[in-house]
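Report on the structure
What follows is each chain in one-letter form.
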Amino acid sequence: MASAGAGGGAAGEGEWLKVAELRAVVQAQDPRAKEVDNLSLRRFLRARDHNVEKAAAMFLKFLKWRWEAAPDGFVPEERVRRELAQDKAWMGGVDRSGRPILVGFLARHYSADRDMPEYKSFVVYFFDKICARIPRGQEKFLAIVDLQGWGYANCDVRAYIASIEIMQVWKTMIYPFIDTNTRDKFVFVEDKNLHETLRQEIDETQLPEYLGGKMPLIPLKDYVQQPESA
């Protein structure tokens, strides 16, 4: 079992000035940057230790990739229907910090049945879905990756590398495959310590039922985004 999150923290006036500087730089080079909010730009700025030039280069690369991966602004469900039917990604509740929970079952992925373009679209699809659940004031989500039953038939190095490459573009994660900051966000838990570890992060009412909690999981194919309250 492994869990991971994606990161944040409060910003000061000086940081927002840097964000404004970054926006001016990237919009001058790609007008599509106008559609990106300041919080997203701040993530790229932080990922490059507030170096505007390096953050701009990274962001522009991301923006180009994003439009190639989802030219309509999102990945339509019909493009990932086979991946969704395998029920390897599920939506859970929230942890004690309000971070939404995504649960993945790696034993339900089979390399022999995988179509790489669809799989890449699927990774973008579920990242979009979980990120849309992140509430205002929070910048993280929590992923529980269940490795039970995982074996040779599920081992798909090409798919894993593709996933990591997408995460690299998404949250600037790799060197050579995954950097120290990101690696520290993964926690591998043995069965004997599973419930204790999870309950430190997740209240029983939000813990998935199959892990001894009270929260039913919703398969990603059936998940409907709830509207924000006014």
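Residues numbered from 1 in each chain as written. Predicted model: local features only at pLDDT ≥ 70, side-chain atom pairs only at ≥ 80, totals over all residues. Heavy atoms only, no water.

**So, the overall build of the protein chain**
Regarding its fold elements, the protein chain presents eight helices and six strands. N-terminal to C-terminal, the α/β element order of the protein chain is β-α-α-α-α-β-β-α-β-α-α-β-α-β. Within the structure as shown, the protein chain displays about 13100 Å² of accessible surface, and the carbon and sulfur contribution to it stands at 54%. (Helix = DSSP H or I, 4+ residues; strand = E, 2+ residues; numbered from the N terminus. Areas by Shrake-Rupley, 256 points an atom, 1.4 Å probe, with all protein chains shown as cover.)

**Comments concerning the packing of aromatic side chains**
Under the definition given, this model contains nine aromatic pairs. For the ring pair phenylalanine 59 and phenylalanine 62, a centre distance of 6.3 Å and an interplane angle of 40 degrees mean the geometry is tilted. Highlighted residues: phenylalanine 59 and phenylalanine 62, both in helix α3 (residues 52-69), separated by three residues, approximately one helical turn. Of the two residues, phenylalanine 59 and phenylalanine 62, neither departs from the other in class, the shared state being buried. Here the aromatic cluster, defined as three or more aromatic residues joined through ring pairs, consists of Phe44, Phe59, Phe62 and Trp65. (Phe/Tyr/Trp six-rings, centres within 6.5 Å; stacked < 30°, edge-to-face > 60°. Buried < 20%, exposed > 50% of the residue type's maximum accessible area, 1.4 Å probe, protein only.)

**A short note on the nonpolar core**
The biggest cluster of nonpolar side chains holds 42 residues, and the ones touching the most others in it are Leu22, Val26, Leu41, Phe59, Phe122, Phe126 and Leu220. Of all elements in the fold, only α1 (13-29), α2 (38-47), α3, β2 (89-94), α5 (116-132) and α6 (157-171) reach the threshold of two or more residues within this core. A total of 10 residues in this core trace back to one element, the largest contributor, which is α3. Once you skip the residues sitting within four places of it in the chain, phenylalanine 126 turns out to touch Leu102 and Leu220. Formed by 12 residues, the second largest nonpolar core is a distinct cluster that contains Trp90, Val103, Phe105 and Leu142. (Core = buried A, V, L, I, M, F, W, Y, C linked by side-chain atoms within 4.5 Å. Contact = heavy atoms within 4.5 Å.)

**Let's talk about unusual backbone geometry**
With a phi angle near 65 degrees, histidine 50 is a residue other than glycine that sits in the positive phi range. Mapped onto the elements, histidine 50 comes out in the loop between α2 and α3. With a relative accessible area of 31%, histidine 50 lands in the partly exposed category. Even without being glycine, aspartate 87 reaches a positive phi, approximately 50 degrees. Position of aspartate 87 relative to the elements: it lies in the loop between α4 (81-85) and β2. Judged by its relative accessible area of 18%, aspartate 87 falls in the buried class.

**A few points about α5**
Taking 1.5 Å of rise per residue, the 17 residues of α5 would be expected to cover 24 Å, and the 24 Å separating its terminal C-alpha atoms lies within 8% of that figure. At the N-terminal end of α5, a side-chain oxygen is found 3.1 Å from the backbone nitrogen of glutamate 118, two or three residues along, and the residue is aspartate 115. (Expected span 1.5 Å × (residues − 1). Polar contact = N/O pair within 3.5 Å; in protein donor to acceptor, adjacent residues only side chain to side chain.)

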